[in-house]
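Examining the three-dimensional arrangement
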Amino acid sequence: MKKILSTLFCLVFVVNIVLARDVFLTLTKHDNSAKKLPINVSVITQKTVEEKHFETLGELLQNEVSVNFRSIGTVGANTSISIRGASSLHTLVLINGRRVNDIGLGSVDFTSIPANIIERVEIIRGSGTAVHGAGAFGGVVNVITKKATETAPILDFVVSYGSFNTLNPVLTVACATNKYGAFASVSSISSTGYRKNSKFTNVNAFFSGQFNVSEKSKLSLSGNVYESKCGVPGPLSCLTPKNEQEDDNKYIKFDYDFSIADTGFLNVSGYLSDNIRLFYDVNGNPYDSVVFAESKYKYTSDIYGVHADIHYKEIALIGLEFENKYYKENEDLSGYSLDKSMRNYAFYTKLTSQIGKVIIVSAMRYDNNSQYQSVFIPSVSAIFNADKRVKISANIGKVWRAPVFTELYWNQSSYRMYGEANLKPEHGISSDIGIEYSHNKLRLAGNAYYIDGKDLINWYYSANGEFQVKNIDKARQYGFEFEAGYIVMPFLNFRLNYTYLKSENKKTKKILAYNPENTVNCGVTVKPMKNLSVSANLFYKDEVFANDANTQSLDSFITLSMDLNYKINDNLSLWVKGLNVGSANYELIAGYPMHGTAIYVGVNVKMFK
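As a convention, each chain's residues are numbered from 1 in the sequence order in which they are written. Only residues with pLDDT of at least 70 get local features here, since the model is predicted, and only at 80 or more are side-chain atom pairs given and counted; chain-wide, interface and lining totals rely on the full set of residues. Only hydrogens and water are removed before side-chain values are computed, so all heavy atoms of the structure are retained for them.

**Regarding the overall build of the chain**
We count a stretch as a helix when DSSP gives it H or I for four or more residues in a row; a strand needs E for two or more, and each element gets its number in order from the N terminus. Helix and strand counts for the chain stand at five helices and 37 strands. In this setup the radius of gyration rests on C-alpha atoms only. A globule is expected at 2.2 Å times the number of residues raised to 0.38. Taking 2.2 N^0.38 as the reference for a compact globule, 609 residues should give roughly 25 Å; the C-alpha atoms of the chain span a radius of gyration of 24 Å, in line with that estimate. By principal-axis analysis of the C-alpha atoms, the chain measures approximately 65 × 55 × 50 Å. Expressed as a percentage of its 609 residues, the buried residues of the chain come to 52%. Of the roughly 26600 Å² of accessible surface on the chain, 60% is carried by carbon and sulfur atoms. Here the chain contributes 63 positively and 57 negatively charged side chains, and the mean placements of these two sets differ by 5 Å. Exposure classes here rest on a 1.4 Å probe applied to the protein chains alone. A residue is buried below 20% of its type maximum, exposed above 50%, and partly exposed in between. Here the open area of atoms and residues is found with the Shrake-Rupley method and a 1.4 Å probe, where only the protein chains shown may cover a residue. Residues scored as positive are Lys and Arg, those scored as negative are Asp and Glu, and His as well as the terminal groups of each chain are ignored. For this purpose, a charge sits on NZ of Lys, CZ of Arg, CG of Asp or CD of Glu.

**Brief notes about the pairing of strand β33 (residues 557–569)**
Two faces belong to every sheet, and in a regular strand the side chains alternate between them. By definition, two strands form a pair when at least two bridges between them are found by DSSP. Here strand β30 (residues 532–541) pairs with β33 via 10 bridges, running antiparallel. Bridge assignment links S533 to a residue of β33, and that residue is N565. Summarising the sheet, β33 and strand β34 (residues 572–579) pair through seven bridges and their orientation is antiparallel. Bridge pairing in β34 places M562 opposite G578.

**Here we look at the environment of K179**
Within the element layout of this structure, K179 appears in the loop between β11 (166–176) and β12 (180–191). K179 gets classed as partly exposed once you look at its relative accessible area, which sits at 37%. Each C-alpha atom of the pair K179 and F206 lies 21 Å from the other, and the pair is 27 residues apart in sequence. The contact definition used throughout considers only heavy atoms, calling two residues in contact when any of these lie within 4.5 Å. Once residues lying within four places of it in the same chain are set aside, the contact partners of K179 are Q210, F211, N212 and V213.

**Quick look at the pairing of strand β20 (residues 358–369)**
Every second residue of β20 is oriented toward a common face, the buried set being I359, V361, A363, R365, D367 and N369 and the non-buried set V358, I360, S362, M364, Y366 and N368. Examined bridge by bridge, strand β19 (residues 337–355) and β20 share 12 bridges and lie antiparallel to one another. The residue bridging K350 from the neighbouring strand is A363, located in β20. Remark: two residues form the turn of the hairpin made by β19 and β20, two consecutive strands paired antiparallel; G356 in that turn has positive phi of roughly 65°. The sheet contact formed by β20 and strand β21 (residues 373–385) spans 12 bridges and is antiparallel. Within β21, the residue paired with Y366 across the bridge is F376. Here β20 folds back onto β21 in antiparallel fashion, the turn holding three residues.

**Comments concerning the sheet that holds strand β3 (residues 41–44)**
Taken in spatial order, the five strands of this open sheet run β3-β8-β9-β6-β7, and their pairing is mixed. Looking at strand neighbours, the two that pair on one side only are β3 and β7 (98–99), the edges of this open sheet.

**A short note on the confidence of the model for the chain**
Scored by pLDDT, the chain has a mean of 88; 92% of the residues are at 70 or more. Across residues 1–23, confidence stays below pLDDT 50; counting only partners more than four residues off in sequence or on other chains, it has 69 contacts. Every residue carries a pLDDT, the predictor's confidence in it, which falls somewhere between 0 and 100.

**Things to note about the packing of aromatic side chains**
Paired rings are identified among Phe, Tyr and Trp, the last through its six-membered ring, by centres lying within 6.5 Å, and are further divided according to the angle between planes into stacked (under 30 degrees), edge-to-face (over 60) and tilted (the rest). Scanning the model with the defined rule gives 16 aromatic pairs in all. Note on F279 and Y297: the rings are 6.5 Å apart at their centroids and 45° apart in plane angle, and the pair reads as tilted. Taken together, the positions of F279 in strand β16 (residues 264–284) and Y297 in strand β17 (residues 291–312) put the pair 18 residues apart, joining distant regions of the chain. Taken as a pair, F279 and Y297 share a single burial class, namely buried. Geometrically, the ring pair formed by F539 and F557 is tilted, given 5.9 Å between the ring centres and 50° between the ring planes. Residue F539 is located in strand β30, and its partner F557 is located in strand β33; the two are separated by 18 residues in the primary sequence. As far as the burial class goes, F539 and F557 line up, both buried. Here a set of aromatic residues connected by ring pairs shows up, and it is made of Y304, F322, Y326 and Y345. Above the plane of the ring of Y251 lies R98, whose end atom (NZ or CZ) is 3.8 Å from the centre. Geometrically, a lysine NZ or arginine CZ counts as sitting over a ring once it is within 6 Å of the ring centre and also within 35 degrees of the ring normal. We note K577 situated over the ring of Y600; from NZ or CZ to the ring centre the distance is 5.3 Å.

Set out below in structure tokens:
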């Protein structure tokens, strides 16, 4: 295995990942050109989304540098990501700037964000807290959704079918003029899964529209309705073949943009979301039909908020934010209930200045929360464009994460899990320094990073056998990440990224769970014909510890995925995708074996464009 890893690592000097970064929104909340960006940002383009044929956001992120993807199964299964060794709760996920991390658990349901509505995905590796607020310890993921453009009307139908009886039809409609535009997408996924009780079905409907009120102002509206139902099989050590989960998520968001004297603009946005999760916990013998008891848990999260940003050219940003959160939890068998709310006000500012070839981006944010009072978060970035080929950047900023409702208020006697209302926010410092070389068809980039965290929140077993939570940990994560890219010729290009990570609990000196020391992604795309492309991606992940005590581990593994795209004409294309080709035996989460080789085929029909 070490020989294989060494061979892959040697390829760093001859292969590359081509990152299209012409503009980037998430860092400063307005579009920035690539030369003004630090090196710790990357973009998954719409072209990549369409060519890889992934169903969900989680699958799109799994091969990005410094992103650690974990899943318990196939389509619809619980997934999570972490960035630079921080926990999955330390990754802030946004959709068009609206945070979507669950206010009860802190995690994100990546399955509920279908790939077919994504225009691009912007990733900040490192602190994004000074502009976007709590949660961005390891990084920020911002999904920019599709919208109509001034082209001919679009009517697309895509359908795929494959392993585990997975069916995924998608219908997309769009039209626009110089006055208005509308985009809508309806999709569904159904799968029987590869384990007992791993079936999954969902339906997703997304809409976005914009209306140009005048030459200087625009009104936009977007919304989404998502419903799903899935089995929850449990780990091999504790099978739950009768447990089920249902989700019903809705949101709506409006934006008003107004240009100010050709030197800046005002953006005002408001949003409202309602998420309901039902979990059916069936206690009984997993090997027969005997049921001792069935509990239904209902989790409800309601959020509404307003943002207002004033931009002056690409120089200054001043913003205000208000958000109100309501969280409810009920369990019918015991009568347990939880009903809490939280309110947050924030002010943030960002200033960009340039001295010669050095660009300085400084930001600060002040949050006043009904639970934690106030938090002040500063950050600064420096970008030095030595010449047209070489760029150096450095970033440092404070990071923090507020405890979520379950960490604060859980009182589930049936599971002996108890929160702590006096928890303090987690906090720390995140920093990195990097260099990039880009010339013609070659790009090389590397970053060294360090995250120092304090008052980290951890669940632990108390002496009386209860599962409790406290601010007890200090941790550090450090390492480096490397990306490289080379287009050998028009029909052949290589890509690779490599992440080296060291992470430890500073108190116990133990390695943080599920953090691999080495991760490698290596891919190649060949176009033997004008209308045919074939891609292959090799992924290596080191052995990881599966618990904080470092007494259980998961083996290292290598997987191979392949994609074939064939464009018959402008209106019809076919594709084939293979995952885990060769059926590697591995787990991403202890007790949940991943599937063997999975094959999917699809057709894309453009009815008119």
